[in-house]
Amino acid sequence: MNPILEVRGVHKSFGNYAALRGIDLSVQKGEIISVLGPSGCGKSTLLQVIAGLTQPDAGEVQLRGAQVASPTRLVPPEKRNINMVFQDYALWPHMTVYENIAYGLQRKKAKADYIKAKIAELVSLLRLEGLEQRLPPQLSGGQQQRVAIARALATEPDLLLLDEPLSNLDMRLRIRMRTEMAYLFRRLGTTVFHVTHDPDEAFAMADRLVIMRAGAIDQMGAPQDCYEQPATRSAASLLGAGNQLTGTLRKAAGRDIALIGEALVEGTIPAAKGSGDRAHVQSALADGEQIDLLFRPEEAEWAQQPEANSLPVRVVHSTYEGNRWRILGEIGGGQTLAFFHAERLENTERGYVCLKPSAAYLFPHLDER
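Criteria and cut-off values
- Residues numbered from 1 in each chain as written.
- Predicted model: local features only at pLDDT ≥ 70, side-chain atom pairs only at ≥ 80, totals over all residues.
- Heavy atoms only, no water.
- Helix = DSSP H or I, 4+ residues; strand = E, 2+ residues; numbered from the N terminus.
- Polar contact = N/O pair within 3.5 Å; in protein donor to acceptor, adjacent residues only side chain to side chain.
- Contact = heavy atoms within 4.5 Å.
- Core = buried A, V, L, I, M, F, W, Y, C linked by side-chain atoms within 4.5 Å.
- Buried < 20%, exposed > 50% of the residue type's maximum accessible area, 1.4 Å probe, protein only.
- Pairing = 2+ DSSP bridges.
- Axes fitted to C-alpha atoms, helices over the stretch in contact; angles between N-to-C directions.
- Domains from an automatic or database assignment.
- Buried area = accessible area lost by both parts, 1.4 Å probe.
- Salt bridge = Lys/Arg side-chain N within 4 Å of Asp/Glu carboxyl O.
- Expected span 1.5 Å × (residues − 1).
- UniProt positions renumbered as here; feature names shortened; annotations may be inferred.

Enquirer: Help me understand the environment of T179, please; the structure alone is not making it clear to me.
Expert: Examined against the element boundaries, T179 turns out to sit in helix α5 (residues 171-188). The sequence separation of T179 and S234 amounts to 55 residues, and the corresponding C-alpha distance is 26 Å. Here I175 takes part through its backbone oxygen, which lies 3.2 Å from a polar atom of the side chain of T179.

Enquirer: Any chance you could explain the side chain of S34 here in plain terms?
Expert: Looking at the element boundaries, S34 is found in strand β3 (residues 32-36). Of note is the side chain of S34, whose polar atom sits 2.7 Å from the side chain of H194. Among residues more than four places away in sequence, those in contact with S34 are H194, A202, M205, A206, R208, L209 and V210.

Enquirer: Where do I start with the environment of S167 in this structure?
Expert: Tracing the sequence through the fold places S167 in the loop between β8 (159-163) and α5. A distance of 3.2 Å separates a polar side-chain atom of S167 from the backbone oxygen of E164.

Enquirer: Mind showing me how you'd approach the nonpolar core here?
Expert: The nonpolar side chains of a soluble globular protein tend to be buried, and buried together. One finds I101, L128, I149, L160, L162, M181 and F185 to be the most contacted residues of the largest nonpolar core, which totals 35 residues. Secondary structure elements with two or more residues in this core: α2 (97-107), α3 (112-125), α4 (141-154), β8 and α5. Setting aside residues no more than four positions away along its own chain, M181 makes contact with I149, L162, P165, L166 and M205. Counting residues in each nonpolar core, the second largest holds 30 residues, with I4, V7, V35 and M84 among its members.

Enquirer: Explain the sheet that holds strand β16 (residues 300-303) to me, please; I cannot follow it from the model alone.
Expert: Through backbone hydrogen bonds, the strands of a sheet pair up, either in parallel or in antiparallel fashion. Sheet architecture is open: five strands sit in the order β16-β20-β17-β18-β19, paired in antiparallel fashion. Each end of this open sheet is capped by a strand with a single partner; those strands are β16 and β19 (336-341). Strand-to-strand, the axes of this sheet are offset by a mean angle of 45 degrees, without reference to chain direction. Relative to strand β20 (residues 350-355), β16 runs antiparallel, the two sharing four bridges. Within β20, the position partnered with E301 by the bridge is C354.

Enquirer: I would appreciate a short explanation of the domain arrangement of the protein in the present structure.
Expert: Reports often express the size of an interface as the amount of accessible area lost when the parts come together. Taken domain by domain, the protein holds domain 1 (5-228) and domain 2 (233-364). Each of domain 1 and domain 2 has a C-alpha centre, and the two are 37 Å apart. Each partner contributes to the interface: domain 1 provides 16 residues, whereas domain 2 provides 15 residues. Across the domain 1 to domain 2 interface the summed buried area is about 1,400 Å²; carbon plus sulfur atoms make up 53%. Together, R213, D218 and Y227 form the three largest contributors to the area buried by domain 1 at its contact with domain 2, with a combined 39%. The interface formed by domain 1 and domain 2 holds zero salt bridges in total. Those elements that place two or more of their residues in the side of domain 1 that touches domain 2 are β2 (17-27), α6 (199-205), β10 (208-213), β11 (216-221) and α7 (223-228). It is β11 that provides the largest number of residues to the side of domain 1 that touches domain 2, a total of four residues.

Enquirer: Which parts of the structure should I look at to understand unusual backbone geometry?
Expert: In most cases, non-glycine residues show a negative phi, while peptide bonds are predominantly trans. Positive phi is not limited to glycine here, since N81 has a value of about 55 degrees. One can find N81 in the loop between β6 (73-74) and β7 (82-85). Judged by relative accessible area, which is 28%, N81 ranks as partly exposed. Of note in this structure, Y89 is not a glycine but carries a positive phi near 75 degrees. Residue placement: Y89 occurs in the loop between β7 and α2.

Enquirer: I tried to follow α3 on my own but got confused; where do I start?
Expert: The periodicity of an α-helix, 3.6 residues per turn, causes residues three or four places apart in sequence to face the same way. With 14 residues, α3 ought to run about 20 Å at 1.5 Å a step, and its terminal C-alpha atoms sit 20 Å apart, in line with that. Contact partners of the buried residues in α3: α2 and α4. Directly beyond the C-terminal end of α3, a positive phi value near 55 degrees is found at R127.

Enquirer: What exactly am I supposed to notice about the pairing of strand β5 (residues 66-70) here?
Expert: Every other side chain in a regular strand lies on the same face of the sheet, so the side chains alternate between the two faces. When strand β4 (residues 58-63) meets β5, the two strands line up antiparallel, connected through three bridges. Looking at the pairing, Q62 lines up with Q67 of β5. In this antiparallel pair of consecutive strands, β4 and β5, the connection spans two residues, and R64 shows a positive phi of 50 degrees. Remark: two residues form the turn of the hairpin made by β5 and β6, two consecutive strands paired antiparallel.

Enquirer: I tried to follow the UniProt feature "domain: ABC transporter" (unreviewed entry) in the protein on my own but got confused; where do I start?
Expert: In this structure's numbering, the residues bearing the UniProt feature "domain: ABC transporter" (unreviewed entry) are residues 5-239. Between the end C-alpha atoms of residues 5-239 there is a gap of 26 Å, over a span that is 36% helix and 28% strand.

As structure tokens, this is what we get:
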């Protein structure tokens, strides 16, 4: 099956700043791709290149097998049969909900009966009944977002681009909207290229993740694979591995073991995956090398007695988070870590934090001071 979108070797610089460095990816019909990364990683520039708002310095973009962007060719956005939903919705404030949704269809000179039926379908799908004659300023943020999505879907684009679509909503509404959007797009078979800095939003929507850093792709794959087997330090950190402890690597009987203080913790050296700048992918680690152990707070378990693969910890602080306590602990040498526990732990209480080797990621030491 030929992909809807192909990005081949795309580079883009602004002066001396390299925003994109050799991006290669493709998107199949009906697939939802989420591009995830911190501010400045290049994800918005990539979206603009795909949309036709920015021309690449090298490489090309193809839609349905036809070249739409290269250093010598730039097909304008309106001729690409794509639509975009912006962070701020970009609704016409002087037009009603009905008129906003109808705008693209009218520009394409669709027949009046078709426009009426299409809007009725989208209004029902997006739960906008009774709001058709309201102006955007009379709507809530969530309602405006649904109108923007309805307008984008009305012309049945080959590709729907989402630029941080939920960033202006409060947390409760973001959770609700990301679930509704994922359900709607899969129900309609919409092909989606989605850019976000929020891992939870990406996981809720994506069939496949593209994790970016410094203008290149660190990792691509199914969300579960990226979460369980992060290929790089930045991917691990972005996907929640917020604990970082420094130690020394010890290799024994085919196992990779971190010496943290006086404790020995078996971990996993992630396989070299990723694309673009290969310098992002870690090199092989040698016995005796200084390393960093990264793991997620939710994958660390508290125990009163020492168990296999555990670190001795002294509790220094507890914070209630509604259905659990976030515990801050200290290990030898003054290093700290966080983990979750069902009950509050008293300060100075001592115990052990246990880790699964598959969820304890070992990377070359990086001095971030």
